[in-house]
Amino acid sequence: MATASNSLMAELIHVDRALARRILGGDDEAFRELFDRFFPRLYRFAVAHLGGDRDAAQDVVQQTFCNAIERLDSYRGEAALYTWFCQICRNACADHFRRNGRGGARVVLLEDQPDARAILESLAAPESEQPEAGAWQAQVHRVVVATLDALPGRYGDVLEWKYIDGLSVREIAGRLSLGEKAAESLLTRARTSFREAISGMT
Amino acid sequence: MEREADIVESLIRNAGRRVEPPDDAYQAVFVAAHAAFREKTARRRERFWGLCAGAAAVLVIAVALVVQRTPPVATQSELARAERLVGGVETATGDLWRPLAATPVRLTAGIRIRTLADGRAAFTLAGGGSLRLTADTEVMFDAPGRLYVQRGTIYVDTQGRPASERIEVVTPAGTARDLGTQFELRLAGSALRLRVREGAVVIDRGGHSLTGQAGEEISIDDFGSVQRATIAPDDPAWQWAEAIAPMPDMDGQPASALIAWVARETGRRLRYESPLVEQRAASVILHGEVRHLAPIDALEAMLATTDLWVELDGDAMEVRARSQEPTSP
C-alpha cells in the first residue's frame, strides 16, 4: 500500500511541477486552474487557522497567493503543490498575528494535537456519552473538511459527491468523463487516501 | 473494506458539505493574485530576454568582433497609450508609485495607474477604443482587451474595435464584458454600478450574468441585490467622461467626421439642416488639431474657420451653414 501511495504521490508531484512550469511560462489557463483548485481550500484552511475571522482569512489567502506566485521558481516538488501553498499560508497567518500583536493567541488546531485520533474515535460514541459533544463535533467537522481539502486531485470532490450528494458511481463517472470502472477505482483510492490521511494525524 | 467505507462515509456525512468561500472574496483575491502572476511572468520574460541579450553579446565578441549585432531587446506589446492627464495621475509596476510623465505614454501588461483626488486620465486602447478614469480610481492593464479595476470609476468606449476583440473589465465585485458600447463602471467596496450609454454590457458576478442595455443603470450592492434604473445618453452624469475624451487625429479629415465624433461623445442625435449642409460638411477638410478641449469646444474651435456651425437642441445637435443662417431683423 505504501508503494502505491508513494507512486501516486510521485505522479501528483509530477503533475504539480508541470503546472508550476506552465504558470511560470505565463500560461493564463494554468494560473486559473491552480487558483480555482486551491482558493476554496486555502480559504477554509485560513479561516480555521485564524479562529473563524473571514476578513483576515481573505487577506491572508491573498497574501499567500501573491507570495507563492513570487516564489514559484523555488518550488522543486519536494511536496505536493497544495502542501507547499499551505506552508506559505501558515507563515502568512503567523505574520497576521504578529502584525496584530496577537503572537500568543494562535489557534491550536485539533489536527495538530497528539490526541486527535482519540477525539475522532470518540465521534463513534453515542452523543450522550460525550460531555462536550457539540464542541467536539465542530472540531471533527473541521478536521474532516481539512482532510478532504488536503486530499490530492479530485479525491475530496469525489467523496463529497458520493457521501453528501449521494451520486452513484455512474453519475460520478459522467461528471469526470470517466468509465464506470475507472470511477469506482478512483472512489476506492479516494477512500483509502482519506483513511490514511486521518490515521496519519496520530 | 466495507467497514472502512462505512467509517469514511459516516465521518464525511457527519461533517457535511464543505463551505464555499464568498464570491466577493474569490473575486478580490483573484484580481490580486492574477496581478501578481502577470507581474511575475513579465519580469521573467524581461530577465529571459536580458540573458539572451547577454549571451548574444558574448557570442558576437567570440565570433571575433567582425559583425556588430544588436542583442535581442525586451519588448512588450503596447496595451494602451495615455492621451490626456489632468491633476494627479501616478503609475507603478511594483510597489513604488511615481507621477505619470507627460503624454503620450505607452502602457504594457502589469502597469498600474491611479488617479488622485484631483486626477483624471484618458487612454486610447491598442486595437481601438478609449478608457477614461475619474478621480480616486486605480486600474491595471493586464492583457489586450483586459483591464483590472481595483477601485473608482472608469468609462470605456469600444468604438472601432473588431467584434472579436471585446473589452473585459475585471473587478473584485464582478466582470464586465462589452458588446460594442460606451459604458461607465463604478466600484465602491464590493458594490458595483454599471451605466450603459450605447450598446450592451454583460456583468458576470458569482456565476450569474446580468445584461445592461443602452440607457440602463444597474446597481449591485454589497449583498448582491440588483437595482435597475434608466439614464439618458445625454445625461449630465456623462460630462466627466466627455470632458476628458481623447480626441482622434482630425487633421486632414472631413468636418463631418469631427461632427459625428462630437455627437457621439455628447450622446446627442445628429441632424443636418439640409442635405446640402451635410454635403458641405463632408467636403470641408480640417487642418490642424485642437487637443485638450472638451468635444463641443473643440468642434466650435475647428468650425470657426468654416461656414458651418452647430446648435444644441435638447438631445439633438443640428449642423447649419452660416450662409443659410436666418438674418437677424
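All of these numbers come straight from a predicted model, not from anything done at the bench.

Just checking my understanding: could you explain unusual backbone geometry for this structure?
Trans peptide bonds make up most of the peptide bonds, and negative phi angles are found at most residues other than glycine. Residues other than glycine seldom take positive phi values, yet Ser177 of chain A does so here, at roughly 55°. Considering the arrangement of structural elements, one finds Ser177 of chain A in the loop between α8 (169-175) and α9 (180-199). Of note, the phi angle at Asp136 of chain B is positive, near 55°, even though the residue is not glycine. Along the chain, Asp136 of chain B turns up in the loop between β7 (130-133) and β8 (138-143). Assessed through the 16 C-beta atoms surrounding it within 10 Å, Asp136 of chain B is described here as partly exposed.

I would appreciate a short explanation of the interface of chain B and chain A in the present structure.
When the parts of a complex come together, some accessible area is lost, and that lost area is often taken as the interface size. With 28 residues of chain B at the contact, the number on the chain A side is 29 residues. For the side of chain B that touches chain A, the secondary structure elements donating two or more residues are α1 (2-15) and α2 (23-62) of chain B. Of the residues assigned to the side of chain B that touches chain A, the class counts are 16 nonpolar, four polar and eight charged.

When you look at the confidence of the model for chain A in this model, what are you seeing that I'm missing?
Interpreting fine coordinate detail is not advised for predicted regions of low pLDDT. Residue and element names in this part refer to chain A. Predicted confidence across chain A gives a mean pLDDT of 79, with 76% of residues reaching 70 or more. The secondary structure element of chain A with the lowest average pLDDT is helix α5 (residues 116-122), at 46, and the one with the highest is helix α3 (residues 54-70), at 93. Ignoring residues within four places in sequence, the model shows residues 110-119, a span with pLDDT below 50, making 18 contacts including any to other chains. The model gives residues 121-129 a pLDDT under 50, and that stretch makes six contacts with residues more than four places away or in other chains.

Help me understand the environment of Glu138 of chain B, please; the structure alone is not making it clear to me.
Residues and elements named next belong to chain B. Mapped onto the fold, Glu138 is located in strand β8. Residue Glu138 is classed as partly exposed on the basis of its C-beta count, with 19 C-beta atoms lying within 10 Å. Linking Glu138 and Thr91, residues 47 residues apart in sequence, is a C-alpha distance of 9.5 Å. Contact partners of Glu138, with chain neighbours within four places excluded, come to Arg112, Arg114, Gln150, Arg151 and Gly152.

It is not clear to me how the sheet that holds strand β18 (residues 269-272) of chain B should be interpreted in this structure. Could you clarify?
All names here are of chain B. Taken together, the three strands give an open sheet; going across it, the order is β18-β20-β19, and neighbouring strands pair in mixed fashion. The sheet is open, and its two edges are formed by β18 and β19 (308-313), each paired on a single side. Each strand axis lies, on average, 25° off the axis of its neighbour in the sheet, ignoring direction. Strand direction decides the pairing type here: β19 and strand β20 (residues 316-321), joined by six bridges, are antiparallel. Within β20, the residue paired with Glu311 across the bridge is Glu318. Relative to β20, helix α5 (residues 275-283) is tilted by about 85°, and along the sheet it contacts β18, β19 and β20.

Rules used in this analysis
- Each chain has its residues counted from 1, following the order in which its sequence is written.
- Following the order in which they are written, the chains are lettered starting with A and the ligands numbered starting with 1.
- Predicted model: local features are reported for residues with pLDDT of at least 70 only, side-chain atom pairs are reported and counted for 80 or more only, and whole-chain, interface and lining totals are derived from all residues.
- Secondary structure is summarised from DSSP: a helix means a run of H or I of at least four residues, a strand means a run of E of at least two, and numbering begins at the N terminus for each.
- Comment: burial labels come from other C-beta atoms within 10 Å of the residue's own C-beta, placed from the backbone, where a count of 20 or more is buried, 12 or fewer is exposed, and between is partly exposed.
- Contact between two residues is assigned when their C-beta atoms, built from the backbone, lie within 7 Å.
- Gly is put with the polar residues, along with every residue not named as nonpolar or charged; the nonpolar set is Ala, Val, Leu, Ile, Met, Phe, Trp, Tyr, Cys and Pro, and the charged set is Asp, Glu, Lys and Arg.
- Confidence scores here are pLDDT values: one per residue, from the predictor, ranging 0 to 100.
- Two strands form a pair only when DSSP identifies at least two bridges running between them.
- Lines are fitted to the C-alpha atoms to define the axes, a helix being fitted only along its stretch in contact, and any angle between axes, read from their N-to-C directions, falls within 0 to 180 degrees.

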